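Structural description and commentary
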Amino acid sequence: MLHTTIAAIRPLDEPAMVAAGELHGRLTKPAGSLGVLEELSVRLAGLARACPPPLPEPAAVAIFAGDHGVHAQGVTPWPQEVTAQMIGNFLAGGAVVNAFARQAGASVTVVDVGVATPLPPAVPAQADGPPGDPAGRPAATRTPRLVAANVRPGTRDLAVTAALTRDEALAAVETGIRIARELIDAGAGILLTGDMGIGNTTPAAALVAAFTGVDPAEATGRGTGVDDPTYARKIGVVRAALARHAPDPADPLGVLAAVGGLEHAALAGLILGAAARRVPVLLDGVIAVSAALAAVAFAPDAVGALVAGHRSAEPGATAGLRHLGLDPLIDLGLRLGEGTGALLALPVVTGAVRVLHEVATFDAAGVAEK
């Protein structure tokens with residue numbers, strides 16, 4: 001599945017991008033007056049191979065959840081059980097991501113790709129429901145669904161050994177590809193990345209450092225807001241893990257296996273699956289950015305499907321976006337994860353495309369040009 005998906009990823013379509021740029025020049029506004037929005041809409045036209053590109057709707061948030069053996073190194077004060085407890089909160093509709101998804105009219109799919117502790121008793125009853133809704137209800141009113149796709153109950157401790165085997169990393173990547181296909185087949189016009197996993201900013205920092213070459217101190221942030229001693233320990237864990245495993249950025253599956261997480265690998269698969277179908281992916285924070293680095297290492301042209309939703313307060317996100325050549329749409333100092341920043345940026349993406357669909361040209365509106 002991975003190889004066929006990579007083979008289907010193509011560069012942006014230049015004729016569609018030229019057409020979109022020319023259309024912008026005929027719309028009733030000064031040339032370039034919409035700044036980044038014009039650049040974004042042109043790129044989305046290239047992704048879709050159409051001018052104007054389809055409106056990026058409906059939106060689907062995919063939250064991949066997993067636990068981490070590196071938790072044993074004391075890199076976070078939060079207990080590992082919180083991962084499973086938050087899944088219950090997502091499915092009950094009580095998390096920040098749920099509130100923002102309702103506001104944006106987005107569906108929420110939670111994927112257990114590697115949670116270590118048992119899920120709350122009420123959770124399995126909602127498992128594996130269809131991504132669509134036969135009653136035709138809007139996405140924002142649907143109950144979030146759970147997909148059971150647990151590859152293993154958490155990673156191994158990357159400070160001691162490889163976090164995953166190559167086969168486990170591959171299984172997680174292909175889970176993400178499958179979820180992308182399911183959501184797109186159900187009608188999603190844009191996918192938004194979400195994540196949940198106590199301790200997951202530590203492997204994210206290791207992935208960012210491995211793929212970009214920045215120093216671990218530049219890639220590592222405070223995550224949920226750890227104190228200074230914990231932060232210093234976290235940087236040391238990342239530095240030691242990279243020295244121990246010496247991951248090769250030319251071997252993205254090997255990097256994910258050595259220092260990644262199951263949710264990071266699955267998010268990389270989601271990006272690849274969407275890119276193969278020429279559907280945009282709106283990135284959230286540092287977990288998504290670290291996964292995007294892996295996806296682009298698998299298939300460089302996958303970067304054409306990526307939109308950076310926001311600039312996370314985690315420094316690794318900025319380093320990763322710089323490496324990918326992506327500029328974030330908003331900067332609000334967020335560091336929550338879950339998909340929250342991507343959801344807040346969604347109206348910006350939709351607005352960029354809607355301009356090409358709905359704004360009159362000078363000729364059609366009878367407006368004189370300069």
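Just above, that's the structure.
If you're wondering where the values come from, they're calculated on a predicted model, not measured in any experiment.

1. Observations regarding the layout of surface pockets
- In this structure, the largest pocket spans a volume of roughly 520 Å³.
- Asn-200, Gly-223, Thr-224, Arg-335 and Leu-336 are the residues nearest the centre of the largest pocket, which is lined by 29 residues in total.
- Looking at the lining of the largest pocket, the elements that each hand over two or more residues are helix H4 (82-92), strand S4 (190-196), helix H7 (201-212) and helix H12 (286-298).
- Across the lining of the largest pocket, the residue classes tally to 11 nonpolar, 12 polar and 6 charged.

2. Focus on the sheet that holds S4
- The strand order across the open sheet built from 6 strands is S3-S2-S1-S4-S5-S6, with neighbouring strands paired in parallel fashion. Across the chains shown, the open sheet's two edge strands, defined by having one partner strand only, are strand S3 (145-148) and strand S6 (306-308). For this sheet, the mean angle separating the axes of adjacent strands, direction not counted, is 30 degrees.
- Sheet topology places strand S1 (residues 59-66) next to S4; 7 bridges connect them, and they run parallel. Across the sheet, residue Ala-60 finds its bridge partner in S4, namely Leu-191.

3. Section: H12
- With 13 residues, H12 ought to run about 18 Å at 1.5 Å a step, and its terminal C-alpha atoms sit 19 Å apart, in line with that.
- Extensive coverage of H12 is indicated by the burial of 12 of its 13 residues.

4. Comments concerning the pattern of salt bridges
- Taken as a whole and judged by the stated rule, the model has 13 salt bridges.
- For Arg-354, the salt bridge is made with Glu-57, and the minimal N-O distance between the two is 3.7 Å. Taken together, the residues Arg-354 in helix H14 (residues 340-358) and Glu-57 in the loop between helix H3 (36-48) and S1 connect sequence positions 297 residues apart.
- Judged by relative accessible area, Glu-57 falls into the partly exposed class, the value being 40%.

5. Description of the pairing of S1
- Of all 8 residues in S1, 8 are buried; the element is thus mostly enclosed.
- Covered by surrounding structure in S1 are Ala-59, Val-61, Ile-63 and Ala-65 together with Ala-60, Ala-62, Phe-64 and Gly-66, the residues of both alternating faces.
- Bridge count for S1 against strand S2 (residues 107-114) is 7 bridges, and the pairing is parallel. Bridged to Val-61 within S2 is Val-108.

About the criteria used
- Residues numbered from 1 in each chain as written.
- Predicted model: local features only at pLDDT ≥ 70, side-chain atom pairs only at ≥ 80, totals over all residues.
- Heavy atoms only, no water.
- 1 Å grid on protein atoms, 1.4 Å probe; cavity = no way out; pocket = protein on both sides within 12 Å on 5 of 7 lines; lining within 4 Å.
- Points joined across faces, edges and corners; volume = space filled by probe spheres on them.
- Helix = DSSP H or I, 4+ residues; strand = E, 2+ residues; numbered from the N terminus.
- Nonpolar A, V, L, I, M, F, W, Y, C, P; charged D, E, K, R; others polar.
- Pairing = 2+ DSSP bridges.
- Axes fitted to C-alpha atoms, helices over the stretch in contact; angles between N-to-C directions.
- Expected span 1.5 Å × (residues − 1).
- Buried < 20%, exposed > 50% of the residue type's maximum accessible area, 1.4 Å probe, protein only.
- Salt bridge = Lys/Arg side-chain N within 4 Å of Asp/Glu carboxyl O.

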